[in-house]
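Each chain is listed here by its residues.
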Amino acid sequence: MKKTILTIAAHPDDEILGCGATMARLAAEGCEVHILILAEGLTSRQDTRDRKSNLKELSELAQTAVLAGKEVGAKTVEVLDFPDNRMDSIDRLDIIKVIEKKIDEIKPRVIFTHNKNDLNIDHRVVCDSVITACRPLPDQTVKEIYFFEVPSSTEWQIGSSSDLFLPNYFVAIEDKYLQKKMDALKIYDSEMRAFPHSRSLEAVKALATWRGASVGHNAAEAFSVGRIFVS
């Protein structure tokens, strides 16, 4: 079934790290893929947020997100301006309404978003906001919600087993889809790190190999199921 897919991420590069190869596969299979990135992804590197002094860099990062999205077959990529790593300072309702507006606009059946227990606060805020925006009202178009892992956040969380990412849904990715993901991450060169950092190209590929091997396949992306409704 060809579906409308919406990936909702906190920061530029989260969407590719989390489900870049899956988006590439779904787009190749005829699904309509859209990406919504909520935070600008840059100003947390400052002691005090100063957006005006970073307008050029913010614009370049947003353009990079568009190019990376095109690499994996996204029809649209929208980058908003919520404060980087400060989304817990925003009224939750304001974030929810933005997500609801996007859902009303494109009417997705499937949403991919962050895991609720990631170390990064913006990831947690986005996950909670998505769940609220997708509450199962009678006219809700979203029938499937999946939570992805983001290297350098998901696996860095410390806590009990209930806080950890436990995948139970895997998408097999052929070499060409994994390569699409890697090429998109190369576009995000400024956001990537050198190995052995977990947000390095080598580590991302190793994770895909491990997730695949854990289900008897060469490579896969792993998700936790939020909700699947079959009508």
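Residues numbered from 1 in each chain as written. Predicted model: local features only at pLDDT ≥ 70, side-chain atom pairs only at ≥ 80, totals over all residues. Heavy atoms only, no water.

A.B. asks: Before we move on, could you go through empty space enclosed by the protein and cite the residues and values that matter?
C.D. replies: The tally for this structure, following the rule as stated, stands at one cavity of 30 Å³ or more. Listed by contribution, the elements that provide at least two residues to the lining of the largest cavity are α1 (14-28), α6 (201-213) and β7 (220-228). With four residues, α6 is the largest single contributor of residues to the lining of the largest cavity. Class assignment of the residues belonging to the lining of the largest cavity gives a composition of seven nonpolar, one polar and four charged. (1 Å grid on protein atoms, 1.4 Å probe; cavity = no way out; pocket = protein on both sides within 12 Å on 5 of 7 lines; lining within 4 Å. Points joined across faces, edges and corners; volume = space filled by probe spheres on them. Helix = DSSP H or I, 4+ residues; strand = E, 2+ residues; numbered from the N terminus. Nonpolar A, V, L, I, M, F, W, Y, C, P; charged D, E, K, R; others polar.)

A.B. asks: Run through the state of the cysteines, naming residues and quoting values.
C.D. replies: According to the stated counting rule, one finds zero disulfides in the structure shown. Cysteine C19 is unpaired, with the sulfur of C31 as its nearest cysteine sulfur at 13 Å. The class for C19 is buried, based on a relative accessible area of 0%. (Disulfide = S-S within 2.5 Å. Buried < 20%, exposed > 50% of the residue type's maximum accessible area, 1.4 Å probe, protein only.)

A.B. asks: Kindly report on the sheet that holds strand β5 (residues 144-148), identifying the contributing residues and their values.
C.D. replies: Taking strand neighbours across the sheet as the criterion, the seven strands line up as β3-β2-β1-β4-β5-β7-β6 in an open arrangement whose pairing is mixed. Looking along the sheet, the strands with just one partner apiece sit at the ends: β3 (76-82) and β6 (169-172). With strand direction ignored, the average angle separating the axes of adjacent strands in the sheet is 25 degrees. Pairing analysis gives six bridges linking strand β1 (residues 4-9) to strand β2 (residues 32-39), with the strands arranged parallel. Paired with I8 across the strands is L36, a residue of β2. Of the strands in this sheet, β2 and β3 are in contact with helix α2 (residues 55-71), which crosses β3 at around 150 degrees. (Pairing = 2+ DSSP bridges. Axes fitted to C-alpha atoms, helices over the stretch in contact; angles between N-to-C directions. Contact = heavy atoms within 4.5 Å.)

A.B. asks: So, the environment of K102: which residues are in play, and what are the values?
C.D. replies: Locating K102 in the fold gives a position in helix α3 (residues 92-106). Of the residues examined, K102 reaches a relative accessible area of 6% and is grouped as buried. A C-alpha to C-alpha distance of 8.1 Å links K102 and L36, two positions 66 residues apart in sequence. Not counting chain neighbours up to four residues away, the residues in contact with K102 comprise L6, L36, T76, E78 and K107.

A.B. asks: Before we move on, can you summarise the packing of α1 against helix α5 (residues 175-187) with the specific residues and values?
C.D. replies: Relative to each other, α1 and α5 sit at 130 degrees, their axes nearing to 8 Å. Here α1 lies oblique to α5, going by the angle between them. The two elements α1 and α5 cross, and the hand of that crossing is right-handed. Contacts between α1 and α5 involve I16, L17, G20, A21, A24, R25 and A28 on the former and, on the latter, Y177, L178, K180, K181, A184 and L185. Looking at side-chain class alone, the contact of α1 with α5 contains nine nonpolar, one polar and three charged residues. (Parallel < 35°, antiparallel > 145°, perpendicular 65-115°, else oblique. Left-handed = near helix turned anticlockwise from the far one by under 90°.)

A.B. asks: Run through the side chain of T7, naming residues and quoting values.
C.D. replies: Within the secondary structure layout, T7 lies in strand β1. Take T7: its relative accessible area is 0%, and that puts it in the buried class.

A.B. asks: Would you mind going over the packing of aromatic side chains in detail, with residue names and values included?
C.D. replies: Using the criterion set out here, one finds four aromatic pairs in the structure. Cluster of aromatic residues (ring-pair linked, three or more members): F112, Y146, Y169 and F223. (Phe/Tyr/Trp six-rings, centres within 6.5 Å; stacked < 30°, edge-to-face > 60°.)

A.B. asks: Run through α5, naming residues and quoting values.
C.D. replies: Along its 13 residues, α5 runs 18 Å from first to last C-alpha, staying within 8% of the 18 Å computed at 1.5 Å per residue. Contacts from the buried residues of α5 go to α1, α2, α6 and β7. (Expected span 1.5 Å × (residues − 1).)

A.B. asks: Quick one: what's the story with the pattern of salt bridges, residue by residue and with numbers?
C.D. replies: A side chain of one charge can pair with a side chain of the opposite charge if their charged atoms are brought near each other. Per the stated rule, a full pass over the model turns up 13 salt bridges. R199 is paired through a salt bridge with D13; the nearest N and O atoms lie 3.8 Å apart. With R199 in the loop between α5 and α6 and D13 in the loop between β1 and α1, this pair connects stretches of sequence that are 186 residues apart. Like D13, R199 is buried. Between K75 and E32 there is a salt bridge; the shortest N-O distance is 3.3 Å. Here the residue K75 occupies a position in the loop between α2 and β3, and E32 occupies one in strand β2, the gap between them amounting to 43 residues. E32 gets classed as partly exposed once you look at its relative accessible area, which sits at 30%. Counted as one network, the salt bridges with shared partners bring together K3, R109 and E144. (Salt bridge = Lys/Arg side-chain N within 4 Å of Asp/Glu carboxyl O.)

All we've got here are geometric facts, nothing functional implied.
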